[in-house]
Amino acid sequence: MVAAQAKLVYHLNKYYNEKCQSRKAAISKTIREVCKVVSDVLKEVEVQEPRFISSLNEMENRFEGLEVISPTEFEVVLYLNQMGVFNFVDDGSLPGCAVLKLSDGRKRSMSLWVEFITASGYLSARKIRSRFQTLVAQAVDKCSYRDVVKMVADTSEVKLRIRDRYVVQITPAFKCTGIWPRSAAHWPLPHIPWPGPNRVAEVKAEGFNLLSKECYSLNGKQSSAESDAWVLQFAEAENRLILGGCRKKCLSVLKALRDRHLELPGQPLNNYHMKTLVSYECEKHPRESDWDENCLGDRLNGILLQLISCLQCRRCPHYFLPNLDLFQGKPSSALENAAKQTWRLAREILTNPKSLEKL
């Protein structure tokens with residue numbers, strides 16, 4: 001048993017050093033190329049409308065606000081200023097969303113975003129995004145990369161296609177620090193010793209973002225309340241959670257396996273599902289010793305089996321907001337196909353670790 005475990009860890013480490021590191025290097029190169037173009041577009045936007053200031057800054061070899069969805073798809077979060085005169089209202093009526101409401105009707109004219117406030121006093125995510133989309137469309141025509149970048153049509157999201165190879169979504173957002181949403185108040189679960197009080201304090205201090213992007217309720221149509229609402233996102237908090245032990249290595253292996261074998265019709269799985277399942281695995285295995293390097297194989301198998309279970313149940317709850325299903329809107333046939341593919345992959349890795357050389 002121990003020998004089999006050691007053999008799997010050996011092949012996983014080899015896979016990590018060869019496949020995962022080369023994937024990382026290729027993505028880093030792409031990010032630099034993509035960010036040059038996006039920065040140029042945002043510079044043009046800022047000239048037209050100084051309220052949209054680019055926050056795409058490089059810090060310690062990473063770009064703030066950039067998320068990798070897949071090796072060819074990225075999201076850049078553009079942080080807006082002055083949320084001050086609004087109250088954050090998170091009553092759970094829209095899973096995964098919240099609204100920003102004027103704290104006092106008399107302060108309407110004091111807001112930097114006055115023309116995007118609805119008659120009932122809400123700062124409309126849709127109105128801000130619509131204005132931003134117009135500005136980006138104009139900037140694309142003017143910027144120095146206009147030959148290689150174009151807007152993606154037929155969407156209310158702001159998406160750029162770069163060199164016909166990459167898609168980047170630029171999402172206006174507010175950063176919320178010092179508060180924690182009521183819909184995530186159950187976290188951390190009282191009976192689970194992970195992540196411990198210090199890490200919990202760090203994670204909550206990271207706060208969350210409010211993104212201006214499509215949020216659909218269960219019926220798939222967007223109501224006016226939803227179009228004014230902002231989507232909750234916890235990227236920095238989630239990154240903070242998976243520090244230590246072999247957690248990040250485990251996630252890297254999962255991402256590489258997803259890119260190579262689970263990029264399927266209907267796009268049922270993305271990197272974010274993998275990140276979410278790593279957090280759930282941390283709860284199931286709360287001791288730091290459970291994440292020693294020699295446990296990498298066990299943790300990976302555990303996550304792949306959990307993924308199969310989620311795909312078969314057609315439900316993957318968001319880690320901080322369990323009422324939000326990350327498979328919502330995905331076709332059942334795509335989830336079923338992904339479950340079969342994941343099962344084949346897990347079985348192959350478990351029964352024949354050497355197969356990782358070809359995976």
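Remember, it's a predicted structure, so these values are computed and weren't measured experimentally.

Thresholds applied
- Residues numbered from 1 in each chain as written.
- Predicted model: local features only at pLDDT ≥ 70, side-chain atom pairs only at ≥ 80, totals over all residues.
- Heavy atoms only, no water.
- UniProt positions renumbered as here; feature names shortened; annotations may be inferred.
- Helix = DSSP H or I, 4+ residues; strand = E, 2+ residues; numbered from the N terminus.
- Buried < 20%, exposed > 50% of the residue type's maximum accessible area, 1.4 Å probe, protein only.
- Pairing = 2+ DSSP bridges.

Q: Go over the UniProt feature "domain: Mab-21-like HhH/H2TH-like" (unreviewed entry) in the chain with me, naming the residues and quoting the values.
A: Mapped onto the present numbering, the UniProt feature "domain: Mab-21-like HhH/H2TH-like" (unreviewed entry) falls at residues 246-343. In residues 246-343, the share of helix is 60% and the share of strand is 0%. The end C-alpha atoms are 23 Å apart.

Q: Summarise unusual backbone geometry; cite the residues concerned and give the values.
A: For residues besides glycine, phi is generally negative; the peptide bonds are generally trans as well. Residue P188 follows W187 across a cis peptide bond; omega there is 0°. On the secondary structure map, P188 appears in the loop between strand 9 (166-176) and helix 3 (197-206). Cis peptide bonds are those with omega within 30 degrees of zero, and the linkage from W194 to P195 qualifies with 10°. Phi at R163 takes a positive value of approximately 50°, unusual for a residue other than glycine. Position of R163 relative to the elements: it lies in the loop between strand 8 (159-162) and strand 9. For R163, a relative accessible area of 31% corresponds to the partly exposed category. At Q267, a residue that is not glycine, the phi angle is positive and equals roughly 40°. Within the fold, Q267 resides in the loop between helix 6 (247-261) and helix 7 (271-284).

Q: Explain the pairing of strand 8 residue by residue, including any values.
A: Here strand 8 shows a clear split, with L160 and I162 buried on one side and none of K159 and R161 buried on the other. In this sheet, strand 8 lies alongside strand 7 (residues 149-151) in antiparallel orientation, the contact comprising three bridges. Its bridge partner being in strand 8, K150 is matched across the sheet by R161. Pairing geometry for strand 8 and strand 9, over four bridges, is antiparallel. When the bridges of strand 9 are listed, K159 appears paired with Q169. The hairpin turn running from strand 8 into strand 9, its antiparallel successor, is three residues long, and R163 in that turn takes a positive phi close to 50°.

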